[in-house]
Amino acid sequence: MKKMSIVFWGSGILTIFSALFGVIAPQSLEKLTSHIQQWLTTNFGWYYLLVVALIVAFCLFLILSPVGSIRLGKSTDRPKYSNRSWFAMLFSAGMGIGLVFWGAAEPLSHFAIDAPLAPEGSQQALKDAFRYTFFHWGISAWAIYAIVALALAYAQFRKGAPGLISSTLYPIIGEKSKGALGHLVDIIAVFATVIGVATTLGLGAQQINGGLSFLFDIPNSFFIQLLIIGFVTVLFLISASTGLDKGIQILSNWNLYIALVLLILTFIIGPSVNILNTMTSAIGGYIQNIVQMSLRTEPGPDGARAWVDSWTIFYWAWWMSWAPFVGIFIARISKGRTIREFLLGVILVPTCVSFIWFATFGVTAIDAYQQQPSIAELPTEQLLFGVFNELPMSFILSCITIVLVAFFFITSADSATFVLGMQTTNGSLNPPFQVKLLWGLLTSGIAASLLFSGGLTALQNAAIIVAFPFSMIILLMIWALYKSLMDERRKYQLYIRPKLKKQEK
């Protein structure tokens with residue numbers, strides 16, 4: 001109880017203070033956080049790139065290592081959820097709304113508005129657009145989630161520790177993980193989760209409102225967005241009351257079905273052959289250049305560094321800020337899987353789906369832009385609806401999109417309240433509904449208040465700032481996990497080749 005109260009009140013006070021600052025002085029908060037974010041990306045961009053490269057390398061090492069056969073739990077444990085439900089839940093929690101929000105917008109931006117290397121609108125810009133989109137949403141992004149989730153699942157199910165970020169550090173800091181240092185780590189994790197989720201709720205409300213405005217001329221206003229947040233809050237709290245095995249699992253499966261319908265329809269109606277050609281070429285370019293892209297800092301005064309800061313480094317920090325939330329949730333649903341199975345599932349399957357998704361919607365968006373260049377001038381939350389407006393069955397596609405965003409909205413918020421409940425009840429696998437209710441109302445209230453004050457940009461900046469200290473926690477988690485796994489390797493004699501005994505003389 002003592003630990004729960006410290007983490008709950010510490011993170012709660014920090015969250016409320018940030019929200020009040022955003023409501024009372026949104027311009028000041030946005031200016032302050034913008035300066036800090038810019039300073040971090042300018043001076044520590046190289047650091048973010050190296051951290052993510054290290055995470056990817058460590059995941060590859062674990063997949064190829066004999067320790068990959070270690071199970072997340074007892075040797076007799078087996079996965080509780082089917083692969084379909086498991087993939088659906090981790091995908092819905094991880095990147096659901098983001099895929100819909102950026103599916104058409106990011107490739108189009110890289111091609112026509114702000115190309116990473118070549119002149120906008122060129123053939124090379126087209127290749128780079130998808131290569132970098134795949135890079136930002138591919139292996140590196142999911143590896144960040146995977147390593148945090150793996151450390152948590154290993155500590156929780158293999159070692160019997162509470163489902164807290166601080167528990168993963170026990171192998172290197174010992175009992176300090178249960179004291180003040182552990183409290184600080186957990187508070188940072190809870191704060192990062194609240195900030196990230198509140199931002200997503202705000203962006204989701206904006207996109208739903210943008211779609212309704214584009215289709216039905218409903219005002220794009222705070223009042224409508226407030227109604228959307230209120231309606232969705234009621235739905236995700238009802239879902240939260242049913243528990244993990246019913247609410248989140250059922251909604252995640254429906255997310256998968258609706259997303260699949262939207263994807264197939266867009267592929268059939270859109271430039272299908274061009275989508276396949278572009279995706280194939282982009283995957284080749286991505287694999288060929290992943291090392292160069294992972295370490296691209298662009299030193300020098302030519303301005304290319306600004307693109308890296310605003311896209312790649314922004315994304316790496318953004319994924320890190322979401323890692324506590326997504327990592328804890330993925331860990332919770334992954335008991336019984338081996339480390340190798342876990343990493344391959346969490347990294348490769350969503351990466352492949354992301355490639356197909358961005359190729360389909362990105363190529364369709366660029367094709368529509370070449371017929372109607374004014375599409376690029378639409379706000380990001382309306383751009384996908386503008387693309388659909390150039391296709392047959394546009395109304396049906398847009399309605400499916402609104403429903404999909406709403407479902408992703410609900411599952412993300414439901415997952416978040418579950419994770420926040422876990423983190424503030426000493427890692428309970430089934431946190432009380434009252435705690436989830438409190439966090440659900442708090443995050444929705446923060447999103448609404450910042451939409452009202454125009455402080456969402458500041459909140460996004462805050463999420464990126466929180467990622468900096470959490471990146472150091474991730475490095476400690478890697479160290480602690482490596483130490484524990486090497487102990488198990490020696491204990492259970494796990495070797496790639498049999499260890500031969502010395503011949504007797």
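Owing to the predicted nature of the structure, the values given are computational and were not obtained by experimental measurement.

1. Section: the overall build of the chain
Here is step 1 of the chain: Each helix and strand counted, the chain has 17 helices and zero strands in total.
Here is step 2 of the chain: Taken over the C-alpha trace, the chain has a radius of gyration of 22 Å; the compact-globule value for 505 residues is 23 Å, and the two agree within 12%.
Here is step 3 of the chain: Principal axes of the C-alpha set define a box for the chain whose edges measure 80 × 55 × 45 Å.
Here is step 4 of the chain: With 505 residues in all, the chain has 59% of them scored as buried.
Here is step 5 of the chain: Restricting to contacts in the chain with at least 6 residues of sequence separation, those with at least 24 account for 82%.
Here is step 6 of the chain: Carbon and sulfur atoms form 66% of the exposed surface of the chain, whose accessible area is close to 20,500 Å².
Here is step 7 of the chain: Separation of charge centres in the chain, based on 31 positive and 22 negative side chains, amounts to 21 Å.

2. A word on the packing of aromatic side chains
Here is step 1 of the chain: A full pass over the atoms with the stated rule returns 37 aromatic pairs.
Here is step 2 of the chain: Note on F8 and W9: the rings are 5.2 Å apart at their centroids and 85° apart in plane angle, and the pair reads as edge-to-face.
Here is step 3 of the chain: For the ring pair F361 and F388, a centre distance of 6.3 Å and an interplane angle of 65° mean the geometry is edge-to-face. Taken together, the residues F361 in helix α13 (residues 339-371) and F388 in helix α14 (residues 380-388) connect sequence positions 27 residues apart. Like F388, F361 is buried.
Here is step 4 of the chain: A cation over an aromatic ring shows up here: R337 above the ring of W86, its NZ or CZ 3.9 Å from the ring centre.

3. Some remarks on helix α9 (residues 222-241)
Here is step 1 of the chain: Its 20 residues place the ends of α9 28 Å apart at the C-alpha level, agreeing with the 28 Å of an ideal helix rising 1.5 Å per residue.
Here is step 2 of the chain: Every buried residue of α9 is accounted for by I224, Q225, I228, I229, V232, T233, F236, L237, S239 and A240.

4. Side note on a nonpolar patch on the surface
Here is step 1 of the chain: The grouping of I16, L20, V23 and I24 at the surface amounts to a nonpolar patch, some 370 Å² of accessible area in total.
Here is step 2 of the chain: Within the element layout of this structure, I16 appears in helix α1 (residues 2-24).
Here is step 3 of the chain: Classification of I16 as partly exposed rests on a relative accessible area of 40%.

5. Considerations on the nonpolar core
Here is step 1 of the chain: Core analysis: the biggest nonpolar cluster contains 166 residues, and L62, I147, I165 and L343 have the highest contact counts within it.
Here is step 2 of the chain: Top contributing element to this core by residue count: helix α12 (residues 304-332), with 18 residues.
Here is step 3 of the chain: Beyond its immediate stretch of four places on either side in the chain, I147 contacts I55, F58, C59, L62, I474, I478 and L481.

6. Description of the state of the cysteines
Here is step 1 of the chain: Inspection of the entire model under this criterion finds zero disulfides.
Here is step 2 of the chain: With no disulfide of its own, C59 lies 15 Å from the sulfur of C352, the closest cysteine sulfur.
Here is step 3 of the chain: Classification of C352 as partly exposed rests on a relative accessible area of 45%.

7. Structural notes on the packing of helix α5 (residues 123-137) against helix α11 (residues 272-294)
Here is step 1 of the chain: Relative to each other, α5 and α11 sit at 65°, their axes nearing to 8 Å. In this structure, α5 meets α11 at a crossing whose hand is right-handed. Contacts between α5 and α11 involve F130, R131, Y132, F134 and F135 from the former and T278, M279, A282, I283, G285, Y286, N289, I290, Q292, M293 and S294 from the latter.
Here is step 2 of the chain: For the contact of α5 with α11, the class distribution of residues is 10 nonpolar, five polar and one charged.

8. Points about the packing of α9 against helix α15 (residues 394-423)
Here is step 1 of the chain: Taken N-terminus to C-terminus, the directions of α9 and α15 make an angle of 55°; their axes are 9 Å apart at the nearest point. Relative to α15, α9 is oriented oblique. The way α9 lies across α15 gives a crossing that is right-handed. Of the residues in α15, those touching α9 at I228, V232, L235, F236, S239 and A240 are F409, I410, A413, D414 and T417.
Here is step 2 of the chain: When grouped by side-chain class, the residues that make up the contact of α9 with α15 number eight nonpolar, two polar and one charged.

9. A look at unusual backbone geometry
Here is step 1 of the chain: Positive phi, close to 60°, is recorded for D217, a residue that is not glycine.
Here is step 2 of the chain: Of note in this structure, M393 is not a glycine but carries a positive phi near 60°.
Here is step 3 of the chain: Among the residues examined, M393 registers a relative accessible area of 39% and is labelled partly exposed.

10. Some words on the pattern of salt bridges
Here is step 1 of the chain: Per the stated rule, a full pass over the model turns up eight salt bridges.
Here is step 2 of the chain: With a shortest N-O distance of 2.6 Å, R131 and D128 are connected by a salt bridge. Of this pair, R131 and D128 both sit in helix α5, three residues apart, which is roughly one turn of that helix. The residues R131 and D128 share a single accessibility class, namely buried.
Here is step 3 of the chain: Measuring nitrogen to oxygen at the nearest pair gives 2.7 Å for the salt bridge that ties E298 to R296.

11. What to know about the side chain of Q37
Here is step 1 of the chain: Along the chain, Q37 turns up in helix α2 (residues 26-64).
Here is step 2 of the chain: When its relative accessible area of 14% is taken as the criterion, Q37 is described as buried.
Here is step 3 of the chain: Contact partners of Q37, with chain neighbours within four places excluded, come to F314, N461, I464 and I465.

Cut-off values and rules
- Residues numbered from 1 in each chain as written.
- Predicted model: local features only at pLDDT ≥ 70, side-chain atom pairs only at ≥ 80, totals over all residues.
- Heavy atoms only, no water.
- Helix = DSSP H or I, 4+ residues; strand = E, 2+ residues; numbered from the N terminus.
- Rg over C-alpha atoms; globule rule 2.2 N^0.38 Å.
- Buried < 20%, exposed > 50% of the residue type's maximum accessible area, 1.4 Å probe, protein only.
- Contact = heavy atoms within 4.5 Å.
- Areas by Shrake-Rupley, 256 points an atom, 1.4 Å probe, with all protein chains shown as cover.
- Lys, Arg positive; Asp, Glu negative; His and termini not counted.
- Charge placed at Lys NZ, Arg CZ, Asp CG, Glu CD.
- Phe/Tyr/Trp six-rings, centres within 6.5 Å; stacked < 30°, edge-to-face > 60°.
- Lys NZ or Arg CZ within 6 Å of the ring centre and 35° of its normal.
- Expected span 1.5 Å × (residues − 1).
- Patch = residues over 30% accessible without salt bridge, like charges linked within 9 Å, V, L, I, M, F, W, Y side chains within 5 Å.
- Salt bridge = Lys/Arg side-chain N within 4 Å of Asp/Glu carboxyl O.
- Core = buried A, V, L, I, M, F, W, Y, C linked by side-chain atoms within 4.5 Å.
- Disulfide = S-S within 2.5 Å.
- Axes fitted to C-alpha atoms, helices over the stretch in contact; angles between N-to-C directions.
- Left-handed = near helix turned anticlockwise from the far one by under 90°.
- Nonpolar A, V, L, I, M, F, W, Y, C, P; charged D, E, K, R; others polar.
- Parallel < 35°, antiparallel > 145°, perpendicular 65-115°, else oblique.

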